[in-house]
Amino acid sequence: GAGIRVVMITGDYLKTAIAIACNVNILQQEDDQDVSAVDCARLRPNDDYLSHCEMDSLTSTVRVFARARPEDKLEIVKSLQRQGHVTAMT
């Protein structure tokens, strides 16, 4: 493949986000949805964002981020960029 990884960041509720991601093949049937899809509240327990190391570990495997705030999107993109990924956001 081209080495492209699609990540969906949405304000939708987690179940809605998972359904959409499955419909457009971002998530596959064999994916563990508890690992591949998360509510963005996990990024900011107690209203503070995870450390860079913890955030990078999470964003390296998750492909669906639900209930995202605008600032969550920026933190996710910054994390992916720290890992050397080229990112684009629409």
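No experiment lies behind these values; they were computed from the predicted model shown. (Residues numbered from 1 in each chain as written. Predicted model: local features only at pLDDT ≥ 70, side-chain atom pairs only at ≥ 80, totals over all residues. Heavy atoms only, no water.)

A. View of the overall build of the chain. Counting secondary structure elements, the chain contains four helices and three strands. Put simply, the chain runs from its N terminus to its C terminus through helices and strands in the order β-α-α-β-α-β-α. Taking 12 Å as the expected radius of gyration for a compact globule of 90 residues, we find that the chain reaches 12 Å, a close match to that expectation. Each of the three principal axes of the chain carries a C-alpha extent, and together these read 30 × 30 × 25 Å. For the chain, with 90 residues in total, the buried portion stands at 34%. The positive charge centre, built from 10 side chains, and the negative charge centre, built from 13, are 3 Å apart in the chain. (Helix = DSSP H or I, 4+ residues; strand = E, 2+ residues; numbered from the N terminus. Rg over C-alpha atoms; globule rule 2.2 N^0.38 Å. Buried < 20%, exposed > 50% of the residue type's maximum accessible area, 1.4 Å probe, protein only. Lys, Arg positive; Asp, Glu negative; His and termini not counted. Charge placed at Lys NZ, Arg CZ, Asp CG, Glu CD.)

B. Broad picture of the environment of V62. Mapped onto the fold, V62 is located in the loop between helix 3 (52–59) and strand 3 (64–66). Looking at V62, the relative accessible area reads 0%, which means it is buried. Discounting residues that sit within four places of it in the chain, V62 has contacts with R5, V7, V35, S36, A37 and V38. (Contact = heavy atoms within 4.5 Å.)

C. Representation of the sheet that holds strand 1 (residues 8–9) in the model. Across the sheet, which stays open at both edges, the three strands sit in the order 1-3-2 with parallel pairing between neighbours. This sheet does not close on itself; its edge strands, each paired only once, are strand 1 and strand 2 (37–39). Sheet topology places strand 1 next to strand 3; two bridges connect them, and they run parallel. Bridge assignment links M8 to a residue of strand 3, and that residue is V64. (Pairing = 2+ DSSP bridges.)

D. Highlighting the nonpolar core. Counting 11 residues, the largest nonpolar core is built from V38, C40, L43, L50, M55, L58, V62, F65, A68, I76 and L80. Looking at this core, the elements that each hand over two or more residues are helix 3 and helix 4 (70–82). Excluding anything up to four places from it in sequence, A68 contacts I9, T10, G11, C40 and K73. One finds M8, A17, I18 and A21 within the second-largest nonpolar core, a separate group that totals nine residues. (Core = buried A, V, L, I, M, F, W, Y, C linked by side-chain atoms within 4.5 Å.)

E. Up close: the state of the cysteines. Taken as a whole and assessed by the stated rule, the structure comprises zero disulfides. Here C22 is not disulfide-linked; the sulfur of C40 is the nearest cysteine sulfur, at 17 Å. A disulfide-free cysteine, C53 has its sulfur positioned 19 Å from the sulfur of C40, the nearest such atom. (Disulfide = S-S within 2.5 Å.)

F. How the structure looks around unusual backbone geometry. Not every positive phi belongs to a glycine, and D47 is a case in point at roughly 70°. Exposure remark for D47: the relative accessible area of 63% places this residue in the exposed category.

G. Up close: the packing of helix 3 against helix 4. Remark: helix 3 packs on helix 4, axes separated minimally by 9 Å, with the N-to-C direction vectors making an angle of 90°. Judged by the inter-axis angle, helix 3 sits roughly perpendicular to helix 4. Contacts between helix 3 and helix 4 involve H52, M55, D56 and T59 from the former and E75, I76, S79, L80 and R82 from the latter. Counted by class, the contact of helix 3 with helix 4 contains three nonpolar, three polar and three charged residues. (Axes fitted to C-alpha atoms, helices over the stretch in contact; angles between N-to-C directions. Parallel < 35°, antiparallel > 145°, perpendicular 65-115°, else oblique. Nonpolar A, V, L, I, M, F, W, Y, C, P; charged D, E, K, R; others polar.)

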